[in-house]
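A structural walkthrough
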Amino acid sequence: MSKEMTGAEMVIEALADQGVRHIFGYPGGAVLPIYDAIFQQDKVRHILVRHEQGAVHAAEGYARSTGKVGCVLVTSGPGATNAVTGLTDALMDSIPIVCITGQVPTHLIGNDAFQECDTVGITRPCTKHNYLVKSIADLPRVLHEAFHIASSGRPGPVVVDIPKDIQFAKGTYSKPKDFQHKGYRPKLKGDMEKIKAAIELMARAKRPLFYTGGGVINSGPHASALLRELVQLTGYPITSTLMGLGAFPSANPQWLGMLGMHGTLEANMAMHDCDVMVCIGARFDDRITGRLDAFSPGSKKIHVDIDASSINKNVKVDIPIIGDCAHVLEDMVRLWRTSSIQPDKKSLQSWWTQIDKWRARKSLAYRPSNEVIKPQYAIQRLYELTKDKDVYITTEVGQHQMWAAQFFGFQEPNRWMTSGGLGTMGYGLPSSVGVQLAHPKSLVIDIAGEASVLMTMQEISTAVQYRLPIKIFILNNQYMGMVRQWQELLHGGRYSESYTHSLPDFVKLAEAYHAHGIRCDKPGDLDHAIREMIDVDKPVIFDCLVDQNENCFPMIPSGRAHNEMLLGDAAEKLEDAITEEGKMLV
Amino acid sequence: MTTTTTSHYPTAPTAQKLESHTLSVLVDNEPGVLARVIGLFSGRGYNIESLTVSETEHRAHLSLITIVTTGTPMVIEQIKNQLDRLVPVHHVVDMTVTGRAIERELAMVKVKGKGEHRVEALRLADAFRARVIDATTESFIFEITGKSDKIEQFILLMLPLGLVEVSRTGIAAILRGPEGM
């Protein structure tokens, strides 16, 4: 059924037809007709953020925690340019976003008009696709296409730039159809011959390892369920990237912890020494591989990815499988069940013995203290006191993010929202706004650093306005901790500009925003303070003053391989036999 | 033990042999599509040696982009996959890999001179089957088509005879035989 309406009304109609219930945005001259249309309806609820970057991060949190497309509405010029960081973040982490931007009227495009910028030009490299709608006749198709492109294949952000005259123009709206895009066809099913070869290789493995990533989460809860089934059927160890946490439960004994630069010793050593690596929905990012020419030198590699350009980009693999994780995992589980080849139990046993030796090194260990709160301890307590609750975690970027990944246990997918690819400080607070909106009854915690959180602190105002009781748990060490850690390791301890003087009083800041502030600086008071944070039914800023000098270990230093990890001084020494122990730096 | 770098990025991979490939990219003929393609090349640090674009089927709104690029085999593979990922891209064919590609280029070559130089330029043009498409008493413009190396050779010969300027189309490529791409 088609209806006559204005472009602005079409936007709302299309959002509603696409199942959108919330849109994050900020008004301005070039989107006023759409805001007028929002005012006159109640199908789509608008959430007013305080900065357009916050709108995109909130939409990312919303999308990541629900599996739906996150929606953003911003004005032309500065509205669009402010959204660029969020769009790039969503592109790097494959988060489905539709961002509608206002544009100056078509006859003024290219005229350096007020609040004009070349939005499609600026956002071309930071979106999966973008559109400038120059005719009202194209608008319904473009809007529906935007949702299809954002959410299918490898998900990503899509920008629809709509000039103001098109928002006013009248046209015929049409409902989303099961249309076929002219050329865009993401491949879902993997090549069966390749999957068969992969299963055979896996079954003959002596030192196998699953290495999974955010692609499994993006593929939906079904993919995580199938992954669990396959890992359990095979009995093989599994590690995951930062983006993949939660696809496999951390409480399971087959879980080795996160891998990569700040991954566990057992995960990285297993990556280095494995003979068959099964990579599912991860992309051999430089934080994962370390030194490329020494990356897992003895292994045959299987790589499942929906994006062909992720395959053989950094690391040459032996069996590439292009397809959606859930589809391929389904085939893998079925073939494994019917496979005639039995894995060699003896070699598998000795592989696990080796892994247990690495585990015994306790690479995450730190020196506890009764005087100061160790940041790791703070995360451990936060986990212990919230693990029985319905909890969602977001983070900012830096040491606190790595400690959260190391010490907070994730048992389910879509519970962990973090900026992995772009590493955007300031992601966590607005992201938690989006998560809380999607899950009003759940406990949503932003594990933050004091430097990161100040970048988007204004969004606490959004949380207060919409009564979103997010908890901002700040590990405050007064340093940009990760920057300081690198300066300590690589730049002779010259802490150039990594210390923040004149930090605000976070408790007073919370009160100024009509939120609740808590400060804690003693390990003995921590549990009580965390309980208070959980119990307060409004946004909380928790200023947790932690050990200023703590560094994040273990770590693969620059230019090193997986088996050359740097461990903290609390980890077990090298008495146990470990392969290539001479290379280990303790 | 490896050397410690002062960056937290992995060191650059050791140099591999570069190859030159001709890619045919069939795209929707819509605004911005060329910007997407060349933006991808500049953004990811790939080379463009030659680029030719034109609409092929007006009714189907399709354009063909022919790109000559250089890179290691892994980079060439990446370029193909990255191009394929662009939403308005229908097909990417590596013409060099097919081994069945015919590649041609057209150049217009302006030569200025009098007397013996003028006669020599005409003689060479005849040998290269270049046509005269404009003439004055002191200049010629030649039109020449062929493989790039033939055109290079012709330009080289015109240099001492009074070469003024050259305008080249870049390479267009098509597959031999009855099948389309």
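Please refer to the structure higher up on the page.
1. Some thoughts on helix α13 (residues 325–338) of chain A
All names here are of chain A. With 14 residues, α13 should cover 20 Å at 1.5 Å per step; its first-to-last C-alpha distance of 20 Å lies within 8% of that length. Those residues of α13 lying buried are C325, A326, H327, V328, L329, D331 and M332. Along its buried surface, α13 packs onto α8 (192–203), α9 (214–218), α10 (221–234), β12 (276–280), β13 (300–305) and β14 (319–322).

2. Regarding the interface of chain B and chain A
The parts lose accessible area when they come together, and the size of an interface is often stated as this lost area. Listed per partner, the contact involves 28 residues of chain B and 23 residues of chain A. Counting only elements with at least two residues in the side of chain B that touches chain A, the list comes to α1 (33–43), α2 (73–85) and β4 (89–94) of chain B. For the side of chain B that touches chain A, the leading source of residues is α2 of chain B, giving 7 residues. Taken together, the residues of the side of chain B that touches chain A sort by class into 8 nonpolar, 15 polar and 5 charged.

3. Section: the sheet that holds strand β15 (residues 391–395) of chain A
Strand pairing in a sheet is mediated by backbone hydrogen bonds. Such pairs are either parallel or antiparallel. Residues and elements named next belong to chain A. Overall, parallel pairing links the 6 strands, which are arranged β16-β15-β17-β18-β20-β19 in an open sheet. Looking at the sheet topology across the chains shown, the edges are occupied by β16 (416–417) and β19 (516–520). Pairing geometry for β15 and β16, over 2 bridges, is parallel. Counterpart to T394 in the pairing with β16 is M417. Relative to β19, helix α22 (residues 526–535) is tilted by about 170 degrees, and along the sheet it contacts β17 (443–449), β18 (471–476), β19 and β20 (540–545).

4. Here's the deal with helix α4 (residues 116–127) of chain B
For α4 of chain B, with 12 residues, the first-to-last C-alpha span of 17 Å sits near the 16 Å given by 1.5 Å per residue. Taken from the residues just after α4 of chain B, R129 of chain B is the one with a positive phi, measuring 55 degrees.

5. So, the pairing of β13 of chain A
All names here are of chain A. Of all the 6 residues making up β13, 5 are buried; the element is thus mostly covered by neighbouring parts of the structure. As judged from the 5 bridges shared by β12 and β13, these two strands associate in the parallel manner. Paired with V276 across the bridge in β13 is K300. One ladder, built from 4 bridges, connects β13 with β14; its direction is parallel. The residue of β14 that forms the bridge with I302 is I319.

6. A word on the sheet that holds β14 of chain A
All names here are of chain A. Reading across from one edge, β11-β10-β9-β12-β13-β14 is the order of the 6 strands in this open sheet, with parallel pairing throughout. Looking at which strands have only one partner, the edges of the open sheet turn out to be β11 (255–258) and β14. Between one strand axis and the next, the sheet turns by 15 degrees as a mean value, whatever way the strands run.

Calculation rules
Residues numbered from 1 in each chain as written. Chains lettered and ligands numbered in written order. Predicted model: local features only at pLDDT ≥ 70, side-chain atom pairs only at ≥ 80, totals over all residues. Helix = DSSP H or I, 4+ residues; strand = E, 2+ residues; numbered from the N terminus. Expected span 1.5 Å × (residues − 1). Buried ≥ 20, exposed ≤ 12 C-beta atoms within 10 Å, placed from the backbone. Contact = placed C-beta atoms within 7 Å. Nonpolar A, V, L, I, M, F, W, Y, C, P; charged D, E, K, R; others polar. Pairing = 2+ DSSP bridges. Axes fitted to C-alpha atoms, helices over the stretch in contact; angles between N-to-C directions.

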